[in-house]
Amino acid sequence: MPLALLALAVGAFGIGTTEFVMMGLLPDVADDLHVAIPTAGHLVSAYALGVVIGAPLLAAVTARMSRRTVLISLMGLFVVGNALSAFAPGYDSLLAARFLSGLPHGAFFGVGAVVATNLVAPERKARSVSLMFLGLTVANIAGVPVATLMGQQLGWRATFLGVSVIGLAAIASLALLIPRDHAQAPAVGLRRELAALRSLPVWLALGTTVAGFGALFSAYSYITPMLTDSAGYGDSSVTLLLALFGVGATIGNLLGGRLADHAMRPTLFGGLTSLVVVLAFFPLLMTTAWGGALAVVLLGVAAFVTGSPLNLMVMEKAAAGPSLASSANQAAFNMANAGGAWLGGLALTAGLGVTSPALAGAALAALGLAVAGAAAAVDARRAPRTAGRERVVATHVPRTAEAGVRH
């Protein structure tokens, strides 16, 4: 695998750290800025809103720019957003800085996934995407706990300064390691990027992302009360257990990348099916401490097995304009975050029990499996027509080309 993938992983590590660290710093930020914790929670929403808006917008605006330049520029915006967060004088300015920090998130992963697949042979595309996302999953193991501890010991502003330094390291890595042939602007313009989004298979793939990862966030958003109120863990143990989720996510991410290179759609179906099963058994697993720990790891594995095949499927279905579609898929991930958390909250509000968000997640994963099945059916119907066009093209080979082949 090319060393350039390391540069993408460093950027993903910084993005993953800043995305999730705010959840652990909310009490400190709320106390320092004299706001209620629910109000401070809007800082998480502001980041997610930035991702949803920035992913397609920045991918569209930069459609004719060099992808190498785009990645470096996006990380520059990331550094600015986190530095402004560190020096924000009040709540409103921090809210705006968090929104700004989220803008480059989706476009970086979207464009980065296209670059990653172009760096390797076709049979290693899914693995290249999984290695880029390795930075995101490792951030949940090491980056978020360390950054949270830094914020608790040195103040939350120190955390965002630290993340800014990671962003600068990513910029240096991208400049040094991304090959110069990516300095040329892609031939695909904005019009073709937008045209690629009009494809039904692309939207079915995006719908699978929303439902499948909505299932994850329906449960994960409320994992702490499940572990403390049902599995019997103390509050001090939750950070370690969330790191176990990161371990599971890393295993699932690498496994999904390797399997998807051999059989992309079966890997996706297998991942979604396992997610349904894991979430359906959550209420049973959460009755014991060991079962709760196992459930957290299995949730990470099952959810992230689907990550690489979903990203690759969106890019393949939008082959004429992959950057915008891949960035839109990152927006879909964050829509899944918000929608899954909302659905899990409804289950709790309805009084269905502390583990009920997991069952709501199982229903969402089943919906994702149904959408993926519909996408497979659409592809099967289109396959004969595509094969027919290929045969027609094959019968009209120029005579000079035929002579060259015979020669």
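Structural data are supplied above this passage.
Note that the structure is predicted; figures quoted are calculated from it, not measured.

(A) Examining the overall build of the protein more closely. Helix and strand content of the protein: 18 helices and 0 strands. Within the protein, the proportion of its 407 residues that are buried is 53%. Pairs at least 24 residues apart make up 85% of the contacts formed inside the protein by residues separated by at least 6 positions. Total accessible area on the protein stands at roughly 17000 Å², and carbon and sulfur atoms take up 69% of it.

(B) Local environment of the environment of isoleucine 166. Structurally, isoleucine 166 can be placed in helix α7 (residues 156-177). Of the residues examined, isoleucine 166 reaches a relative accessible area of 22% and is grouped as partly exposed. When the C-alpha atoms of isoleucine 166 and glycine 14 are compared, they prove to be 5.7 Å apart, with 152 residues separating the residues in sequence. Once you skip the residues sitting within four places of it in the chain, isoleucine 166 turns out to touch Val10, Phe13 and Gly14.

(C) Seen up close, the side chain of asparagine 253. Following the sequence through the fold, asparagine 253 ends up in helix α11 (residues 238-262). Setting aside anything within four residues of it in sequence, one finds asparagine 253 in contact with Ser130, Phe133, Leu134, Thr137, Phe304, Val305 and Ser308.

(D) How the structure looks around unusual backbone geometry. Phi angles above zero are rare outside glycine, and histidine 34 is one such case at about 60°. We classify histidine 34 as exposed; its relative accessible area is 73%.

(E) How the structure looks around the pattern of salt bridges. All told, the structure shown has 3 salt bridges when counted by the stated rule. The shortest N-O distance in the salt bridge between aspartate 32 and arginine 157 comes to 3.9 Å. Here aspartate 32, found in helix α1 (residues 4-33), pairs with arginine 157, found in helix α7; they are 125 residues apart in sequence, far enough to count as distant. You can call aspartate 32 partly exposed: its relative accessible area is 38%. The partner of aspartate 379 in a salt bridge is arginine 265, and the shortest N-O contact between them spans 2.3 Å. Separated by 114 residues along the polypeptide, aspartate 379 in helix α17 (residues 356-394) and arginine 265 in helix α12 (residues 264-280) bring together distant segments of the chain. The pair aspartate 379 / arginine 265 is uniform in exposure class, with both members buried.

(F) Broad picture of a nonpolar patch on the surface. Nonpolar side chains collect at one region of the surface, where Leu49, Ile53, Leu57 and Val61 lie side by side and expose about 370 Å² of accessible area between them. Relative to the helices and strands, isoleucine 53 resides in helix α3 (residues 42-61). A residue is classified by how much of its surface remains accessible, and isoleucine 53, at 39% relative accessible area, is partly exposed.

(G) The side chain of serine 101, seen in detail. With respect to the helices, strands and loops of the structure, serine 101 is situated in helix α5 (residues 91-118). When its relative accessible area of 0% is taken as the criterion, serine 101 is described as buried. Looking at serine 101, its side chain comes within polar contact range of the main-chain oxygen of glycine 81, at 3.2 Å. Filtering out sequence-adjacent residues up to four positions away, serine 101 remains in contact with Tyr47, Phe78, Gly81, Asn82 and Ser85.

(H) Structural view of the packing of α11 against helix α14 (residues 289-305). Interhelical geometry of α11 versus α14 gives an angle of 30° and a closest axis separation of 7 Å. Pair α11 / α14 crosses with right-handed handedness. Judged by residue contacts, Leu241, Leu244, Phe245, Gly248, Ala249, Ile251, Gly252, Asn253, Leu255 and Gly256 of α11 engage Ala293, Val296, Val297, Leu299, Gly300, Val301, Phe304 and Val305 from α14. Among the residues forming the contact of α11 with α14, the class breakdown is 13 nonpolar, 5 polar and no charged.

(I) A look at the nonpolar core. Residues Leu8, Leu216, Leu279, Phe282 and Met286 are the most contacted members of the largest nonpolar core, which totals 92 residues. Apart from residues lying up to four places away in sequence, leucine 279 is in contact with Ala215, Ala219, Leu299, Ala358, Leu359, Gly361 and Ala362.

(J) Quick peek at empty space enclosed by the protein. Evaluation of the coordinates by the stated rule reveals 2 cavities of 30 Å³ or more. Size it by volume and the largest cavity reaches roughly 270 Å³. What lines the largest cavity is a set of 20 residues, among which Leu136, Phe213, Phe217, Phe304 and Phe333 lie closest to the centre. Breaking the lining of the largest cavity down by element, the ones donating at least two residues are α1, α6 (125-154), α9 (200-220), α11, α15 (307-317) and α16 (322-349). Residues that form the lining of the largest cavity fall into these classes: 10 nonpolar, 9 polar and 1 charged.

Quick notes on the rules
- Residues numbered from 1 in each chain as written.
- Predicted model: local features only at pLDDT ≥ 70, side-chain atom pairs only at ≥ 80, totals over all residues.
- Heavy atoms only, no water.
- Helix = DSSP H or I, 4+ residues; strand = E, 2+ residues; numbered from the N terminus.
- Buried < 20%, exposed > 50% of the residue type's maximum accessible area, 1.4 Å probe, protein only.
- Contact = heavy atoms within 4.5 Å.
- Areas by Shrake-Rupley, 256 points an atom, 1.4 Å probe, with all protein chains shown as cover.
- Salt bridge = Lys/Arg side-chain N within 4 Å of Asp/Glu carboxyl O.
- Patch = residues over 30% accessible without salt bridge, like charges linked within 9 Å, V, L, I, M, F, W, Y side chains within 5 Å.
- Polar contact = N/O pair within 3.5 Å; in protein donor to acceptor, adjacent residues only side chain to side chain.
- Axes fitted to C-alpha atoms, helices over the stretch in contact; angles between N-to-C directions.
- Left-handed = near helix turned anticlockwise from the far one by under 90°.
- Nonpolar A, V, L, I, M, F, W, Y, C, P; charged D, E, K, R; others polar.
- Core = buried A, V, L, I, M, F, W, Y, C linked by side-chain atoms within 4.5 Å.
- 1 Å grid on protein atoms, 1.4 Å probe; cavity = no way out; pocket = protein on both sides within 12 Å on 5 of 7 lines; lining within 4 Å.
- Points joined across faces, edges and corners; volume = space filled by probe spheres on them.

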